[in-house]
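The chain contents come next:
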There are 2 protein chains.
Amino acid sequence: MGEKPLSAKVEQIVHMVGGTGETSYAKNSIVQAKVILKAKPIVEEAIREVYITLFPMKFVAADLGCSSGPNTFLVISEIISVIHELSRRLDISHESEIQIFLNDLPGNDFNNIFRSLTDYKKQIKEDKGENVVPFYVAGSPGSFYTRLFPSKSVHFFHSSYSQMWLSQVPRMVDDECTFDELKKQNLYSEQFKEDFSTFLKLRSKELIFGGRMVLIIAGRVNNSEYKDPFYMLGLLRLALNDMISEGLARKADRNVINFPCYTPTIEELKFIIDKKEGFFYLDHVETFESSWDPFEDELNNLQPDYILRGKIVVKHIQAIVEPLLNGHFDKETIADLFSRYAKIITTHLVEKPKWVNFVLVLKLR
Amino acid sequence: MGEKPLSAKVEQIVHMVGGTGETSYAKNSIVQAKVILKAKPIVEEAIREVYITLFPMKFVAADLGCSSGPNTFLVISEIISVIHELSRRLDISHESEIQIFLNDLPGNDFNNIFRSLTDYKKQIKEDKGENVVPFYVAGSPGSFYTRLFPSKSVHFFHSSYSQMWLSQVPRMVDDECTFDELKKQNLYSEQFKEDFSTFLKLRSKELIFGGRMVLIIAGRVNNSEYKDPFYMLGLLRLALNDMISEGLARKADRNVINFPCYTPTIEELKFIIDKKEGFFYLDHVETFESSWDPFEDELNNLQPDYILRGKIVVKHIQAIVEPLLNGHFDKETIADLFSRYAKIITTHLVEKPKWVNFVLVLKLR
């Protein structure tokens, strides 16, 4: 394996994910997949605990912010595997069934998920046999900052890499404030506090007592090198500043780079969860780092080609933020912006930058 | 064994024309809307009976074969209206909630439904006020000839104009048999019997005891002028025969016009429902006629322009069957076919042709 030239190997990997020229999220979600897999033991333990405590005939689970791509099915697979094994191993008098709700905003490509579902079901039957625990998948469109499910109807909530999406860019974040990073950070922090509180309150009504909620949150650590709450996206602002100074973009365009996105610290999360009128308590928390570079682990011992890998990282981010820019910039401007961004990312990759992830297991108070 | 390629593909290809364009199902579903409205009192009475008998905290309803268009929301509205009024009028100790599953094949345009949902919710709040009974809508992709929901989890099933879609074109319906209409009818009748039995068996597992299923079925009457089990679609075969005789299509193309579609008689329906191992009994049945021409009632007193109205009827049918033809014919052939079909329909419209609809209310045995 190591004998192959690096670039060829990376292209093979990228090709496996689905072709090099494409910028779709479905084909650029390796980082998320890695995080979901790292959190897998915690997720599985949570499901196991709920199942063993409640022995529900019908285990209802919801994945909030499921997106549309191969990762969508990773979580479903974890749920099915745990319940399938448990219901076979334990002496359960009834046949268990699973109902899984896939939630995302109404603009998510649910058609794509639904059309993959037939193949997915076939695959599960091949893996687990025809007597696999029956499961039923439904799509549940809507913002998780609104009610999504009837009261006390869900045993298990899962959400990965979704809480960083705020309900809106904080009001008052305007061009003036763009220069005052501290003021802006405070406005974002307040917005996160409001949104995450709302999220917890709504889910507490929908969760069945004895159930669990596992949240995998892209976060930051205070007093460390990863303290920018807008993490990698902050560097996109540097690229835009270059374009403004060259007259290729206007100062006002800076507001477009204010994404509704915030990575909290564990202290912020705990403060919101533990406050007096809190609905949940934190049963368990784990922290782990992720590399910005999805291929860092695999390629650790090889001579790194940071230019190529910078491009890969940027493709990944572009898949997430491009829809937010499309209304404001034309195609050429976006291409220029991301080409400059790739160069900035490339110089950062040399330092092997990371961010942190928090896996929270929450129970109803 | 040796399934024909066409029958194997039915699940992938039976879906209405998506989106909102001129030939989309969404824009051409007036006939279905009229039928749903005519059945409204029966549907509402059935919902009322279930609600008053069971007083569920969470009323779960499913619309099977919901398609994608304005009609999708007609059924939801009926359910919400009845439960909203009842829960306000009666002295119910708990707050009721509604969970609605919209089911159709995975190829249905669920994205379109989900993107309309936000506006729909706004509309409902304008009509009924902010204290409207909370409702949650989910999409449930899959063939209703497979299990779709957990056991005993649904209070109310609704399905309109969907049972005529078979799970497949009957095996053995081949080019030879295309000439033997009686033999073909028998094969179709057997397939319908098998499919409708399967449908009833699966739904009987999913329905909560005390629940109801209302089916609106496009049917036919024996010994009458509406006895063709393939109704209007039969005339498409005449159009194709013309093209074959002119050398514009091949004889083998006739198989493409064998749609997985069958309109049963009420005797056939009753026979399947009432058989010994039956899961349901027929609580109530109503029969009414529909005009082929969606504007007949409105235009009754006007000088009819049959050419225009023939085109409208054909546009409506085209929205349903075009996806079934797309893999076989090129665009020009399809355009030619439907243009000839419009002429044939136009001459038939002079006789004000109708078909019959059966509204069945079913209860668990």
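Just so you know, these numbers come straight off a predicted model, no measurement behind them.

Caption draft 1: A look at the relation of the copies chain A and chain B. For the pair chain A and chain B, the best superposition has an RMSD of 0.1 Å and corresponds to a rotation of 180° with a translation of 0.1 Å parallel to the axis. The two molecules are tied by a two-fold rotation axis, judged by turn and shift. Among all residues of chain A, the minimum C-alpha distance to the rotation axis is found for Gly139 of chain A, at 2.4 Å. A symmetric contact is evident, with 100% of the interface residues of chain A recurring at the interface of chain B.

Caption draft 2: Here's a closer look at the pairing of strand S3 (residues 135–141) of chain A. Residues and elements named next belong to chain A. Burial analysis of S3 places seven of its seven residues in the buried class, the great majority of the element. Residues Phe135, Val137, Gly139 and Pro141 line one face of S3 and the alternating positions Tyr136, Ala138 and Ser140 line the opposite face, and both faces are buried. Across seven bridges, the pairing between strand S2 (residues 97–104) and S3 is parallel. Looking across to S3, one finds that Asn103 is bridged to Ser140. After leaving S2, the chain enters helix H5 (residues 110–128) and then returns to the sheet as S3, a path that is right-handed.

Caption draft 3: Structural context of helix H3 (residues 40–54) of chain B. All names here are of chain B. Its 15 residues place the ends of H3 21 Å apart at the C-alpha level, agreeing with the 21 Å of an ideal helix rising 1.5 Å per residue. For H3, the secondary structure elements touched by its buried residues are strand S1 (58–64), helix H4 (70–89), strand S4 (154–160), strand S5 (207–219), strand S6 (280–291) and strand S7 (354–364). In the segment just after H3, Phe55 is the residue with positive phi, at about 40°.

Caption draft 4: Seen up close, the layout of surface pockets. Residue and element names in this part refer to chain A. Reported here for the second largest pocket is a volume of approximately 1,100 Å³. In terms of lining residues, the second largest pocket is bounded by 42 residues, among which Ser67, Asp104, Leu105, Asn108 and Trp165 are the most central. Secondary-structure elements contributing two or more residues to the lining of the second largest pocket are helix H2 (30–38), strand S1 (58–64), helix H4 (70–89), S2, strand S4 (154–160) and helix H10 (306–325). It is H10 that provides the largest number of residues to the lining of the second largest pocket, a total of six residues.

Caption draft 5: Examining the packing of aromatic side chains more closely. Scanning the entire structure with this criterion turns up 30 aromatic pairs over all chains. Measuring from ring centre to ring centre gives 6.1 Å for Tyr51 of chain A and Phe55 of chain A, while their planes differ by 70°; the resulting arrangement is edge-to-face. Their ring planes at 55° and their centres at 6.4 Å tell us that Tyr161 of chain A and Trp355 of chain A sit as a pair that is tilted. Placement of Tyr161 of chain A in the loop between S4 and helix H6 (181–206) and of Trp355 of chain A in strand S7 (residues 354–364) is noted, with a sequence separation of 194 residues between them. For Trp355 of chain A, a relative accessible area of 2% puts it in the buried group. Through successive ring pairs, a cluster of aromatic residues spans Phe101, Phe149 and Phe157 of chain A together with Phe101, Phe149 and Phe157 of chain B. Positioned above the aromatic ring of Phe157 of chain A, the side-chain terminus of Arg203 of chain A is 5.8 Å from the ring centre.

Caption draft 6: Highlighting the packing of H10 of chain A against helix H11 (residues 331–349) of chain A. Residue and element names in this part refer to chain A. Packing of H10 against H11 brings their axes to within 8 Å, and their N-to-C directions diverge by 135°. Here H10 lies oblique to H11, going by the angle between them. Considering the relative orientation of H10 and H11, their crossing is right-handed. Residue-level contacts link Tyr306, Ile307, Arg309, Gly310, Val313, Val314, Ile317, Gln318, Val321, Glu322 and Leu325 of H10 to Ile334, Leu337, Phe338, Tyr341, Ala342, Ile345, Thr346 and Leu349 of H11. A per-class count over the contact of H10 with H11 returns 14 nonpolar, three polar and two charged.

Conventions adopted
- Residues numbered from 1 in each chain as written.
- Chains lettered and ligands numbered in written order.
- Predicted model: local features only at pLDDT ≥ 70, side-chain atom pairs only at ≥ 80, totals over all residues.
- Heavy atoms only, no water.
- Least-squares fit on C-alpha atoms with pLDDT ≥ 70 in both.
- Contact = heavy atoms within 4.5 Å.
- Buried < 20%, exposed > 50% of the residue type's maximum accessible area, 1.4 Å probe, protein only.
- Helix = DSSP H or I, 4+ residues; strand = E, 2+ residues; numbered from the N terminus.
- Pairing = 2+ DSSP bridges.
- Right-handed = clockwise from strand over helix to strand, strands pointing away.
- Expected span 1.5 Å × (residues − 1).
- 1 Å grid on protein atoms, 1.4 Å probe; cavity = no way out; pocket = protein on both sides within 12 Å on 5 of 7 lines; lining within 4 Å.
- Points joined across faces, edges and corners; volume = space filled by probe spheres on them.
- Phe/Tyr/Trp six-rings, centres within 6.5 Å; stacked < 30°, edge-to-face > 60°.
- Lys NZ or Arg CZ within 6 Å of the ring centre and 35° of its normal.
- Axes fitted to C-alpha atoms, helices over the stretch in contact; angles between N-to-C directions.
- Parallel < 35°, antiparallel > 145°, perpendicular 65-115°, else oblique.
- Left-handed = near helix turned anticlockwise from the far one by under 90°.
- Nonpolar A, V, L, I, M, F, W, Y, C, P; charged D, E, K, R; others polar.

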